[in-house]
Amino acid sequence: MHIGDPPQGRATVPSEYQYSRRIHSRWARAVRALGRQILGYDPAPPDDVVDVFGSMYYDADPLADEFVEEVYLGQSAAQGRAMLDQALTHGVQSVVEAPESLCRLFADLDNDPDWLDPEQAAAGARAFRRYGVDVFRFAGAITLHSYAENSVAKPLILSGGYTGNRTRHRFLETASFWIAVSEPGGLAPGAAGRAAALRVRIMHAFVRRRLLAHPEWDLDAWGVPISQADAVLTLMGGSVAAGLGMRAMGYRTSAAEIEAMMHFWRYVGHLMGVRPQWYPKTISDALQLGFLASLKSTRQSGDDGRALCQSYANAFAPSPQATRLDRIRAALEHRTHLGYTQFFMGPWSYRKNAMPSAGLWGLQPVAKFPLIFAAETMRRAFPPLDDVADAIARQRRETWLSRQLADAAAEFHVPAAFAR
């Protein structure tokens, strides 16, 4: 799994992985002491987890990388896309002279991991669905913190995926992905979510292979692009971070539901080629990983990270070419988007990245607390209401996505050309 392994003599972790140095700082000691009092355990993970996680920055996805290398880069992206579409629609056996790399990729997908509990994964998907569109805005906002890291910011800035007027559509593609994978049965063979997971997996492999050959990519400092380590942190954002963070809006997610979401996103990650050497099994494991992530960061992406944050903040700004009614609707969506971003990103980080002020819209998430908390309390008290809440949340997020995408579609294409 180590396509980006550093040559002999090089460090086994990237140079920007600074946890081992920062764990001895005064701030880290204070947080650990406070954590022991509040949590009842040391928020710092064991040393072996620290070492393994650091080495995961050199772990990639060899099966997808091999297919991309052989077909997308060896022949053409159009041929690779055609093969993938054919295999997803009619099975890999229907692909004429299917390359061995494609056959191995699909054979791997057909073998569920031993740790998979389908009922727990379904429960996690259901818990995630209940947040509706709120979790999309939450996840988008907290992801901005990772843009301070070169290992996250550089793939986005170099490929141009989240810059300028493309940011809005790429965010909506991500929302479409979240919907597809979390729909009931969305990860079953032949389902839309399973297909979306594979398309994103191939897109990531394509970007990874291109970036490894890019003159700006620093393997020593950042590891491989879209590494297993960064992928695991992303999965935590949709599970533990969402489960705890959305409580600020009144959602009453239980610890069991959070761990079910961890299991669900682990399986989504599995389909996307995320096969980490270590994955948190409990909330406490995940919180220790969060502590590790906060300390290992060097936050050196500078203007690149800031540009990504600003592009995201302005993603839903009204277009001057739109009709008056559409501009009004877009303005409301833009203000809502800014409000969630400012609230969940935090005022200090928001100002540091020179983001536009959300004003009172920054209070919108917490203003919803009484209504959401009341609805959640009713749902927990009367189990039949859980099905009602699930149906309403699913309808709302589908309606929102359809309105925002209009006539466009989420296609997860590999980039035709890099931004620089």
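Worth saying up front: this structure is predicted, and the values here are computed from it rather than measured. (Residues numbered from 1 in each chain as written. Predicted model: local features only at pLDDT ≥ 70, side-chain atom pairs only at ≥ 80, totals over all residues. Heavy atoms only, no water.)

1. Some remarks on the nonpolar core
Nonpolar side chains in soluble globular proteins tend to be buried together. Operational definition: Note on terminology: a nonpolar core comprises buried Ala, Val, Leu, Ile, Met, Phe, Trp, Tyr and Cys residues joined through side-chain atoms within 4.5 Å. For every residue, the accessible area obtained with a 1.4 Å probe (protein chains only) is divided by the maximum for its type, and the residue is called buried under 20%, exposed over 50%, and partly exposed between those limits. Helix and strand definitions follow DSSP, with helices as H or I runs of at least four residues and strands as E runs of at least two, each counted in order from the N terminus.
Of all hydrophobic cores here, the largest spans 110 residues; its most connected members are Phe 136 and Phe 177. For this core, the element with the most residues is helix 11 (residues 192–212), which contributes ten residues.

2. Topic: the pattern of salt bridges
The line we're drawing: Should a side-chain nitrogen of Lys or Arg be within 4 Å of a carboxyl oxygen of Asp or Glu, the pair is scored as a salt bridge.
The full count for this structure, using the stated rule, is 27 salt bridges. Between Glu 376 and Arg 130 there is a salt bridge, with the nearest N and O atoms lying 3.2 Å from each other. Within this pair, whereas Glu 376 is found in helix 21 (residues 369–381), its partner Arg 130 is found in the loop between helix 7 (118–129) and helix 8 (134–143), the two being separated by 246 residues in sequence. The salt bridge involving Lys 368 is made with Asp 134; its shortest N-O contact spans 3.7 Å. Of this pair, Lys 368 sits in the loop between helix 20 (364–367) and helix 21 while Asp 134 sits in helix 8, placing them 234 residues apart in sequence. Residues participating in the shared-partner salt-bridge network are Arg 126, Arg 129, Arg 130, Glu 257, Glu 376, Arg 379, Asp 386, Asp 387 and Asp 390.

3. A word on the confidence of the model for the protein chain
Our working rule: Per-residue confidence from the prediction method is given by pLDDT, with values spanning 0 to 100. Contacts are assigned to residue pairs that have any heavy atoms within 4.5 Å of one another.
For the protein chain, mean pLDDT is 92; residues scoring 70 or higher make up 94% of the total. Overall, residues 1–9 carries pLDDT values under 50, and its contacts beyond four positions in sequence, including any with other chains, amount to 22 contacts.

4. Some words on the environment of Val 224
Within the secondary structure, Val 224 sits in the loop between helix 12 (219–222) and helix 13 (228–237). When the C-alpha positions of Val 224 and Tyr 57 are compared, they lie 6.2 Å apart, and in sequence the two are 167 residues distant.

5. Quick notes on helix 5 (residues 77–90)
This is how it is decided: Expected helix span is computed as 1.5 Å times (number of residues minus one).
Compared with the 20 Å implied by 1.5 Å per residue over 14 residues, the 20 Å span of helix 5 between its first and last C-alpha is a close match. For helix 5, the secondary structure elements touched by its buried residues are helix 4 (62–72), helix 6 (100–109) and helix 11. In the segment just after helix 5, Gly 91 is the residue with positive phi, at about 95 degrees.

6. Some thoughts on helix 11
Between its terminal C-alpha atoms helix 11 stretches 30 Å, which fits the 30 Å expected from 21 residues at 1.5 Å a residue. The buried fraction of helix 11 is high, at 16 of 21 residues.

7. A few points about empty space enclosed by the protein
Selection rule: Cavity and pocket criteria rest on a 1 Å grid covering protein atoms alone: a 1.4 Å probe that fits but cannot get out defines a cavity, protein on both sides within 12 Å along at least 5 of 7 lines defines an open pocket, and an atom within 4 Å of a point defines a lining residue. Grid points are joined across faces, edges and corners, and a volume is the space filled by probe spheres set on the points. Gly is put with the polar residues, along with every residue not named as nonpolar or charged; the nonpolar set is Ala, Val, Leu, Ile, Met, Phe, Trp, Tyr, Cys and Pro, and the charged set is Asp, Glu, Lys and Arg.
Enumeration according to the criterion identifies one cavity of 30 Å³ or more in this entry. Considering the residues around the largest cavity, the lining is formed by Pro 14, Glu 16, Tyr 17, Tyr 57, Glu 149, Ser 151, Ala 221, Trp 222 and Lys 296. Tallied by class, the residues present in the lining of the largest cavity amount to five nonpolar, one polar and three charged.

8. Topic: the packing of helix 7 against helix 15 (residues 255–271)
Our working definition: To define axes, lines are fitted to C-alpha atoms, for helices over the stretch in contact only, and angles between the resulting N-to-C directions are given on a 0 to 180 degree scale. An angle counts as roughly parallel when it lies under 35 degrees, as roughly antiparallel when it exceeds 145, as roughly perpendicular when it falls between 65 and 115, and as oblique in every other case.
Here helix 7 crosses helix 15 at 110 degrees, and the two axes come no closer than 7 Å. Considering the angle they form, helix 7 stands roughly perpendicular to helix 15. Here helix 7 contributes Gln 120, Ala 121, Ala 123, Gly 124, Ala 125, Ala 127 and Phe 128 to the contact with helix 15, which in turn contributes Glu 257, Glu 259, Ala 260, Met 261, His 263, Phe 264 and Trp 265.

9. Observations regarding the packing of aromatic side chains
Geometrically, a pair of aromatic rings is defined through the distance of the ring centres and the angle of the planes. Quick reminder of the rule: Under the pairing criterion, centres of Phe, Tyr and Trp rings, with the six-membered ring standing for Trp, must be within 6.5 Å; the plane angle then separates stacked pairs below 30 degrees from edge-to-face pairs above 60, leaving the rest tilted.
Considering all chains together, one arrives at 19 aromatic pairs under this definition. Between Tyr 17 and Tyr 57 the ring centres are 5.9 Å apart and the planes differ by 55 degrees, which places this aromatic pair in the tilted class. Placement of Tyr 17 in the segment before helix 1 (19–22) and of Tyr 57 in the loop between helix 3 (47–55) and helix 4 is noted, with a sequence separation of 40 residues between them. Its relative accessible area of 9% is what places Tyr 17 among the buried residues. Since its relative accessible area comes to 3%, Tyr 57 is described here as buried.

10. Comments concerning the side chain of Arg 194
For the record, the criterion: We score Asp and Glu as negative and Lys and Arg as positive, and we do not count His or the chain ends. Any N or O atom pair separated by 3.5 Å or less is treated as a polar contact, with the protein-specific requirement of one donor-capable and one acceptor-capable atom, and with residues adjacent in sequence counted only for side-chain atom pairs.
Secondary-structure assignment places Arg 194 in helix 11. One buried charged side chain, Arg 194, makes no salt bridge at all; its nearest oppositely charged neighbour is Asp 110, positioned 4.5 Å away. Polar side-chain contacts of Arg 194 include one of 2.8 Å to the backbone oxygen of Leu 187.

11. Some words on the environment of Phe 344
In this structure, Phe 344 sits in helix 18 (residues 324–345). Take Phe 344: its relative accessible area is 13%, and that puts it in the buried class. Separated by 206 residues in sequence, Phe 344 and Phe 138 place their C-alpha atoms 6.4 Å apart. Once you skip the residues sitting within four places of it in the chain, Phe 344 turns out to touch Phe 138, Ala 141, Ile 142, His 145, Gly 245, Met 249 and Pro 365.

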